Amino acid sequence: MVGAGAVGLACAVRLLEAGHRVDVVARDLPLETTSAVAAAIWYPFRAYPFERVTAWSRTTYAALETLSRLDGTGVRMLAGTELHRSRQADPWWRDAVPALTRVGSPGPPYVDAWTFVAPVVEMPTYLPWLAGRVEQLGGTLTRMAVTALPDQADVVVNATGLGARRTADDPSLLPVRGQVVYVEQVGLDRWWLDGAGPTYVVPRSHDIVVGGTEDEGEWDRRPDPDVAKRILANATALVPPLARARVLGHKVGLRPARPEVRLEAEDGARGRVVHCYGHGGAGVTLSWGCADEVAALVG
Ligand SMILES: Cc1cc2nc3c(=O)[nH]c(=O)nc-3n(C[C@H](O)[C@H](O)[C@H](O)COP(=O)(O)OP(=O)(O)OC[C@H]3O[C@@H](n4cnc5c(N)ncnc54)[C@H](O)[C@@H]3O)c2cc1C
């Protein structure tokens with residue numbers, strides 16, 4: 001397994017559960033990855049094609065719901081509201097959630113809204129839990145940057161996210177920069193999402209993640225103070241109690257965006273490679289569905 005983000009670790013767990021030996025190598029350890037920056041709410045965002053993404057999202061919803069019942073995973077099921085300023089059809093991923101309720105009159109400036117319960121994943125807890133699970137099942141995790149995929153394994157799984165520009169020589173992968181602000185918890189127990197922007201407010205146990213941006217093709221990982229001000233202003237308009245929340249920190253991550261998630265096996269002179277990258281803004285949301293498919297392709 002090359003890659004130790006949310007995708008690589010979920011794949012490693014499913015492969016170990018299926019009885020394979022798995023060694024994970026990664027340039028960045030779990031808490032240093034893009035995955036560590038994710039908000040991370042279950043939400044199919046900037047990932048394609050719709051049909052496969054809906055199926056992977058549905059599987060992941062169920063898997064995360066199961067994890068939410070275990071201690072120490074960092075996964076919680078939280079109700080929240082998505083708001084829109086124009087009338088909307090049901091979201092394309094509607095079938096991936098067990099229930100979604102339309103809100104009659106959300107109030108200006110919004111004219112449409114729906115609520116649903118979503119898994120919210122606290123990445124600082126979840127990623128170490130996943131890494132621990134890999135080790136508990138007998139896998140290994142080693143820091144190692146590779147310039148090419150290894151050729152000394154029966155099967156190599158390529159879960160290098162944006163790194164697949166190099167590991168799979170894939171120029172169709174592009175960063176979609178996301179900036180977030182962490183603020184203190186002010187008693188929020190629901191998530192909020194404004195379809196325009198996008199603006200999102202995701203409460204965690206000890207803080208609140210406020211976003212965001214989607215800057216296509218932008219590689220700069222430095223938080224921009226002006227952007228942070230705009231994010232906070234938009235979020236406070238959406239959730240007024242945030243006005244009294246102290247700012248705790250800033251982060252930027254580069255979403256690995258691709259016209260379509262690449263999940264397929266490639267058989268070459270050096271053996272079988274299963275590629276699993278390009279999850280855009282939904283790597284956490286798709287991870288367990290993709291992991292099941294990767295395990296099936298490994299055989
Ligand atoms: C601000 C922000 C908010 C987000 N919010 C959400 C959300 O709410 N819900 C959601 O589902 N998703 C969200 N995302 C998207 C999500 O973070 C990504 O889709 C996800 O992290 C992709 O996971 P990954 O495991 O494929 O990649 P990564 O987390 O980037 O992991 C890639 C791994 O591959 C390794 N690697 C790369 N190249 C090499 C190499 N050459 N050699 C060795 N190792 C290598 C890296 O070191 C790393 O370990 C958000 C993203 C951002 C930036």
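Whatever comes next refers back to the structure up there.
Right, let's walk through the structure included here. (Residues numbered from 1 in each chain as written. Predicted model: local features only at pLDDT ≥ 70, side-chain atom pairs only at ≥ 80, totals over all residues. Heavy atoms only, no water.)

Right, let's talk about the packing of aromatic side chains for a bit. Two numbers describe a pair of aromatic rings. These are the distance of the centres and the angle of the planes. Under the counting rule described, the total for this entry stands at nine aromatic pairs. Here the aromatic rings of Trp-42 and Phe-116 are separated by 6.3 Å at their centres, their planes lie at 80°, and the arrangement is edge-to-face. Of this pair, Trp-42 sits in the loop between β1 (23–26) and α2 (50–68) while Phe-116 sits in strand β4 (residues 112–121), placing them 74 residues apart in sequence. One exposure class covers both Trp-42 and Phe-116, and it is buried. Note on Phe-50 and Trp-92: the rings are 4.0 Å apart at their centroids and 15° apart in plane angle, and the pair reads as stacked. Linking Phe-50 in helix α2 with Trp-92 in the loop between β2 (75–84) and β3 (101–102), this pair joins segments that are 42 residues apart in sequence. (Phe/Tyr/Trp six-rings, centres within 6.5 Å; stacked < 30°, edge-to-face > 60°. Helix = DSSP H or I, 4+ residues; strand = E, 2+ residues; numbered from the N terminus. Buried < 20%, exposed > 50% of the residue type's maximum accessible area, 1.4 Å probe, protein only.)

Taken together, the neighbourhood of the ligand is formed by 37 residues, with Asp-28, Ser-35, Gly-280, Gly-283 and Thr-285 sitting nearest. Between Ala-4 and the ligand, the recorded distance is 3.0 Å, taken from a backbone N or O atom to an oxygen atom. Here an oxygen atom of the ligand sits 2.5 Å away from a polar atom, N or O, in the side chain of Ser-35. Contact with the protein chains covers 96% of the free accessible surface of the ligand, which is 1000 Å². When contributions to the shell around the ligand are tallied by element, the ones reaching two or more residues are α1 (6–17), β7 (174–184), β12 (247–257) and α6 (283–298). Here the shell around the ligand is composed, by residue class, of 18 nonpolar, 16 polar and three charged. (Near = heavy atom within 4 Å. Polar contact = N/O pair within 3.5 Å; in protein donor to acceptor, adjacent residues only side chain to side chain. Areas by Shrake-Rupley, 256 points an atom, 1.4 Å probe, with all protein chains shown as cover. Nonpolar A, V, L, I, M, F, W, Y, C, P; charged D, E, K, R; others polar.)

Core analysis: the largest hydrophobic core is formed by 66 residues, its most contacted members being Met-1, Trp-42, Phe-116, Tyr-126, Trp-288 and Val-294. The element that contributes the greatest number of residues to this core is α1, accounting for nine residues. Not counting the four nearest positions on each side in its chain, Tyr-126 is found in contact with Leu-64, Leu-67, Thr-73, Val-75, Val-121, Ser-287 and Trp-288. Counting 18 residues, the second largest nonpolar core, distinct from the first, contains Ala-113, Val-183, Ala-228 and Ala-235. (Core = buried A, V, L, I, M, F, W, Y, C linked by side-chain atoms within 4.5 Å. Contact = heavy atoms within 4.5 Å.)

When the local axis directions of α6 are compared, the greatest deviation, roughly 35°, occurs at Gly-289. Most of α6 sits inside the fold, with twelve of its 16 residues counted as buried. Every buried residue of α6 is accounted for by Gly-283, Val-284, Thr-285, Leu-286, Ser-287, Trp-288, Gly-289, Cys-290, Ala-291, Val-294, Ala-295 and Val-298. Phi turns positive one or two residues past the end of α6, at Gly-299, with a value near 95°. (Bend = angle between axes of the 7 residues up to and from the residue.)

Let's shift gears to the sheet that holds strand β14 (residues 271–277). One open sheet holds the three strands; their spatial order is β6-β14-β13, and the pairing between them is mixed. Edge strands, defined here as strands with exactly one partner in the open sheet, are β6 (155–158) and β13 (262–268). Going from strand to strand, the sheet's axes swing by 15° on average, the running direction of each strand aside. Bridge analysis of β6 against β14 gives four bridges, and the strand direction is parallel. In the sheet register, Val-156 faces β14, and the bridge partner there is Val-273. (Pairing = 2+ DSSP bridges. Axes fitted to C-alpha atoms, helices over the stretch in contact; angles between N-to-C directions.)

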